[in-house]
Amino acid sequence: MEETKVGDPVMGKYFDITFHTIDGKSIIKRNIYSEANETAVWQDACKKVTADNLYIEMNDTTLVNLLRNCVVRIDMTEVPGPASKRSQRQDEFRDAVNTLSNIGL
């Protein structure tokens, strides 16, 4: 196993995790930060994982319990993190200001 040295930046990613159940419904947990490998990211979306259940905290007052044998598929989609979203908005703002200044406004 690789050791992390003090001062080394830890590179995590943000994901949207979708749990599909056998009855055709799905639960989506958004913007989950994870440093785990691609196959274990879904565990970071769960509050607790047991042999029979997945407990997913949706907000401060809602805890969802899924039976593991009823989950048929878990999709993990990488999404941009808050820092990249913020920089993208700043770039869009600069582009708008630059465009307006070029047309004389």
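In the block above lies the structure referred to throughout.
Bear in mind the structure is a predicted one, so any value in this text is a computation, not a measurement.

As a further point, take the overall build of the protein chain. Tallying secondary structure elements over the protein chain gives two helices and six strands in all. Helices and strands appear in the protein chain in the N-to-C order β-β-α-β-β-β-β-α. The proportion of buried residues among the 105 residues of the protein chain is 23%. Sequence separation of at least 24 residues holds for 44% of the intrachain contacts in the protein chain that already meet a minimum separation of 6. Summed over all atoms, the accessible surface of the protein chain reaches about 8,100 Å², with 51% contributed by carbon and sulfur.

Of note, D23 is situated in the loop between β1 (13–21) and β2 (26–34). For the pair D23 and V71, spaced 48 residues apart in sequence, the C-alpha to C-alpha distance is 9.2 Å. Among the polar contacts made by the side chain of D23, one reaches the side chain of T21 at a distance of 2.4 Å. A distance of 3.3 Å separates a polar side-chain atom of D23 from the backbone nitrogen of K25.

Below, the discussion takes up the sheet that holds strand β4 (residues 53–57). Reading across from one edge, β3-β4-β5 is the order of the three strands in this open sheet, with antiparallel pairing throughout. Sheet topology places β3 (48–49) and β5 (63–67) at the edges, where each strand pairs with a single neighbour. Relative to β5, β4 is paired through five bridges, and the arrangement is antiparallel. Opposite Y55, over in β5, you have N65 as the bridge partner.

Within the secondary structure, K13 is located in strand β1. Sequence separation between K13 and A36 is 23 residues, and the spatial gap between their C-alpha atoms is 8.8 Å.

Reading the values: rules and limits
Residues numbered from 1 in each chain as written. Predicted model: local features only at pLDDT ≥ 70, side-chain atom pairs only at ≥ 80, totals over all residues. Heavy atoms only, no water. Helix = DSSP H or I, 4+ residues; strand = E, 2+ residues; numbered from the N terminus. Buried < 20%, exposed > 50% of the residue type's maximum accessible area, 1.4 Å probe, protein only. Contact = heavy atoms within 4.5 Å. Areas by Shrake-Rupley, 256 points an atom, 1.4 Å probe, with all protein chains shown as cover. Polar contact = N/O pair within 3.5 Å; in protein donor to acceptor, adjacent residues only side chain to side chain. Pairing = 2+ DSSP bridges.

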